[in-house]
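One letter stands for each residue in the lines below.
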Amino acid sequence: MSHALGYTVNCSLLFTELPLNERPQAARDAGFHAVEFWWPFEEATPPQDEVDAFVAAVDAAGVRLSGLNFFAGALPGPDRGVLSQPARGAEFLANLDVVARIAERTGTTGFNALYGRRLPGVDPAEQDRLALENTVAAAQAVAKVGGTVLVEPISGADDYPLKTAAEGLAFVAKVKEAGADNVALLADFFHLAVNGDDVAAVVRAHAAEFGHIQIADAPGRGEPGTGELPVHELLASAEAHGYRGLVGLEYKPTVPTHESFGWLH
């Protein structure tokens, strides 16, 4: 099955053979016009020269920065987001201004806010309250640039509260009830599949509501064709059921990145 959806390259997982600021140009050289990144800095509020160098690299490559994570702590690693971590609330809120300023310079409109894992000794209800409060604040911060906060169920951490599409959509609904309309589900087909969702059914029921799609094959998280997930059929179905955004290539290449795009043809 075919579709007409465009692609954006997640340069935090692809082109990792290169220094971070060389990856946008590598994506452009490979024929892509958009890139996305996890938070590309060590700190929530990095030095201005690091921000300037990152933005300059995107500009020089002539690609669009379509998506960016908010600061998420150690990723990959033990945090998987800081939205719900009481000790890091100030850090997250300080990050919002940096993200908004990058968006103003790049035109970025998709912003992934990772929930964070359950913490020993911390009341889950308090973590949930804080996550809701911080997501609303994030939505308000990026609303001025036409941005959408993305809520992503992820796999690989049993203590991560959002694992399925239903759990992600329920949290999106809570944020909207709290007054922020610019929030939507990030449907990563790999994570949903690994967590046991019927991805095809999720796509049929909710594709028009997705704020973003990311793909990798499952199992393994390699490029499409290395596992068992019917990626082409799922994307064709997403388009048929109303999704009109880009598709993030967020896989771990099993070969050098530039060799991993054969499945596209």
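Rules of the game
- Residues numbered from 1 in each chain as written.
- Predicted model: local features only at pLDDT ≥ 70, side-chain atom pairs only at ≥ 80, totals over all residues.
- Heavy atoms only, no water.
- Helix = DSSP H or I, 4+ residues; strand = E, 2+ residues; numbered from the N terminus.
- Buried < 20%, exposed > 50% of the residue type's maximum accessible area, 1.4 Å probe, protein only.
- Contact = heavy atoms within 4.5 Å.
- Arc of directions from axis to C-beta.
- Core = buried A, V, L, I, M, F, W, Y, C linked by side-chain atoms within 4.5 Å.
- Salt bridge = Lys/Arg side-chain N within 4 Å of Asp/Glu carboxyl O.

Q: Help me get a handle on the side chain of serine 84, residues and values and all.
A: Along the polypeptide, serine 84 turns up in the loop between β3 (64–69) and α3 (89–106). The exposure class assigned to serine 84 is buried, which follows from its relative accessible area of 0%. Here serine 84 is in contact with Tyr115, Gly116, Arg117, Gln127, Leu130 and Ala131, once residues within four sequence places are set aside.

Q: For helix α7 (residues 199–206), give the residues involved together with the corresponding values.
A: Inspection of α7 places Val199, Val202 and Val203 among the buried residues, and these make up the whole buried set. In an axial view of α7, the angular spread of the buried residues amounts to 100°, which keeps them on one side of the axis. Elements that come into contact with the buried residues of α7 comprise α5 (165–177), α6 (189–194), β7 (210–215) and α8 (231–240).

Q: Can you break down the nonpolar core residue by residue, with the values?
A: With 84 residues, the main nonpolar core has Phe70, Phe189, Phe210, Ile215 and Leu249 as its most contacted residues. When residues of this core are assigned to their parent elements, the largest contribution, seven residues, is made by helix α4 (residues 124–143). In this structure phenylalanine 210 touches Ala184, Leu185, Ala187, Phe189, Val202, Val203 and Tyr243, once residues within four positions along its chain are discounted.

Q: Residues and numbers for the pattern of salt bridges, please.
A: According to the stated counting rule, one finds nine salt bridges in the structure shown. Put simply, arginine 88 and aspartate 79 hold a salt bridge, and the shortest N to O gap is 3.2 Å. Where aspartate 128 meets arginine 118, a salt bridge forms, and the shortest distance between an N and an O atom there is 2.9 Å. In this pair, aspartate 128 is assigned in helix α4 and arginine 118 in the loop between β4 (110–112) and α4, connecting sequence segments 10 residues apart.

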